[in-house]
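Summary of the model geometry
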Amino acid sequence: MKDKSFVIKVGDLLKEGWKSDSIEFEWKLTSELPGLDKKGISWTVVLKSLNQDSLYVSLEDILCNIEDVCDRCWTSYTRKIENPEYIARFVIDEKIKQEEQETSEEEIFVINARDESIDLEPMVVQSIKLQDPFIKHCPKCEEEIADKPDEDEEEEFIGRGNIVFH
Ligand SMILES: [Zn+2]
């Protein structure tokens, strides 16, 4: 089910340029992250209006736990995700997004012009997916590998064959 709680109204911000606002989110669930535990995701969002068509959006202290499977021993474990900052911009329409995405360092998302809102869900999901390690190791394997550095190299080599590039 789509949770509306990822959506923020930004009409007032867009009207007054160079205004900023911050909002804390907690316990937000999304179907886009399989394995997300029931505590969900928490973060603080800082919004700044650049002009009437564009917002600078910074997610801070993104925290969640993902239930994952270890690539080495295949047991389930909980991976703690902490991303201190993820920045993107939101622009008023798809055309501006396409024009600016070519030169922008940040990812650009689109503001819902109909009700002047933004949906943070894709941005939050992206900020968490970027934290995915190439190889997932449970804490026990991490420890064992740290004790045996030689095995680590071999393990990495085998592990790389399974990497899925997004
Ligand atoms: Zn393991």
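Overview of the structure. On a predicted model such as this, the values are computed, not experimentally measured, just so you know. (Residues numbered from 1 in each chain as written. Predicted model: local features only at pLDDT ≥ 70, side-chain atom pairs only at ≥ 80, totals over all residues. Heavy atoms only, no water.)

Details of the coordination of the zinc ion
Coordination of the zinc ion by the protein comes from Cys70 (SG), Cys73 (SG), Cys138 (SG) and Cys141 (SG), over a distance range of 2.2 to 2.3 Å. Each of the four donor atoms bound to the zinc ion contributes to angles spanning 105 to 116 degrees, and the resulting shape is tetrahedral. Summarised as a motif, the one-chain spacing of the donors to the zinc ion is C-x2-C-x64-C-x2-C. Of this pair, Cys70 sits in the loop between β4 (54-69) and β5 (76-91) while Cys138 is found in the loop between α3 (121-129) and α4 (139-147), placing the two residues 68 residues apart along the sequence. Both residues of the pair, Cys70 and Cys138, count as buried. (Donors = N, O, S within 2.8 Å, 3.2 Å for Na, K, Ca; no water. Tetrahedral: all angles 85-135°; square planar, octahedral: opposite > 155°, others 65-115°. Helix = DSSP H or I, 4+ residues; strand = E, 2+ residues; numbered from the N terminus. Buried < 20%, exposed > 50% of the residue type's maximum accessible area, 1.4 Å probe, protein only.)

Regarding the pattern of salt bridges
Proximity of charged atoms lets side chains of opposite charge pair with each other. Under the defined criterion, the tally for this structure stands at 11 salt bridges. One salt bridge in this structure joins Lys19 and Glu16, with 3.8 Å as the shortest N-O distance. On the basis of relative accessibility, which here comes to 35%, the residue Lys19 falls in the partly exposed class. A salt bridge links Glu144 to Arg72, with the shortest nitrogen-to-oxygen separation between them at 3.0 Å. In this pair, Glu144 is assigned in helix α4 and Arg72 in the loop between β4 and β5, connecting sequence segments 72 residues apart. Here Glu144 falls in the partly exposed class, since its relative accessible area comes to 28%. By relative accessible area, which is 17% here, Arg72 ends up buried. Members of the salt-bridge network, linked through shared partners, are Asp68, Arg79, Asp132 and Lys136. (Salt bridge = Lys/Arg side-chain N within 4 Å of Asp/Glu carboxyl O.)

Some points on the sheet that holds β5
Within a sheet, adjacent strands bond to each other through the backbone by hydrogen bonds, running parallel or antiparallel. Here we have five strands laid out as an open sheet, ordered β2-β3-β4-β5-β6, and mixed in their pairing. Among the strands making up the open sheet, the edge pair consists of β2 (20-28) and β6 (107-110). Strand-to-strand twist in this sheet, taken as the mean axis angle between neighbours without regard to direction, amounts to 30 degrees. Bridge analysis of β2 against strand β3 (residues 41-51) gives seven bridges, and the strand direction is antiparallel. Across the sheet, residue Asp21 finds its bridge partner in β3, namely Leu47. (Pairing = 2+ DSSP bridges. Axes fitted to C-alpha atoms, helices over the stretch in contact; angles between N-to-C directions.)

Details of the layout of surface pockets
Over the atoms, a rolled probe matching the size of one water molecule traces out where space is still vacant. Of the volumes computed, that of the second largest pocket is approximately 170 Å³. Looking at the second largest pocket, the residues that line it are Glu26, Trp27, Asp37, Lys39, Gly40, Ile41, Ser42, Leu63, Cys64, Asn65 and Lys80. Those elements that place two or more of their residues in the lining of the second largest pocket are β2, β3 and β4. Among the elements that take part in the lining of the second largest pocket, β4 stands out by supplying three residues, more than any other. Along the lines of polarity and charge, the residues of the lining of the second largest pocket split into four nonpolar, three polar and four charged. (1 Å grid on protein atoms, 1.4 Å probe; cavity = no way out; pocket = protein on both sides within 12 Å on 5 of 7 lines; lining within 4 Å. Points joined across faces, edges and corners; volume = space filled by probe spheres on them. Nonpolar A, V, L, I, M, F, W, Y, C, P; charged D, E, K, R; others polar.)

Some remarks on the nonpolar core
Residues Ile41, Trp43, Ile118 and Leu120 are the most contacted members of the largest nonpolar core, which totals 34 residues. Listed by contribution, the elements that provide at least two residues to this core are α1 (11-15), β3, β4, β5, β6 and α3. Of all the elements, β4 adds the most residues to this core, at six residues. Residues within four places of Leu120 in sequence aside, it is in contact with Phe6, Ile8, Phe25, Trp43, Val45, Val57, Leu59 and Phe90. (Core = buried A, V, L, I, M, F, W, Y, C linked by side-chain atoms within 4.5 Å. Contact = heavy atoms within 4.5 Å.)

Topic: the packing of aromatic side chains
Considering all chains together, one arrives at three aromatic pairs under this definition. Judged by centre distance (5.5 Å) and plane angle (25 degrees), the ring pair of Phe6 and Trp43 falls under stacked. Here Phe6, found in the segment before β1 (7-9), pairs with Trp43, found in strand β3; they are 37 residues apart in sequence, far enough to count as distant. One exposure class covers both Phe6 and Trp43, and it is buried. On the basis of an interplanar angle of 10 degrees and a centroid distance of 4.6 Å, the ring pair of Phe25 and Trp43 is categorised as stacked. With a gap of 18 residues between them, Phe25 in strand β2 and Trp43 in strand β3 connect regions that are remote in the sequence. The two residues Phe25 and Trp43 agree in class, both being buried. An aromatic cluster is present here, built from Phe6, Phe25 and Trp43 joined pairwise through their rings. (Phe/Tyr/Trp six-rings, centres within 6.5 Å; stacked < 30°, edge-to-face > 60°.)

Function cannot be read off these values alone, since they describe shape.
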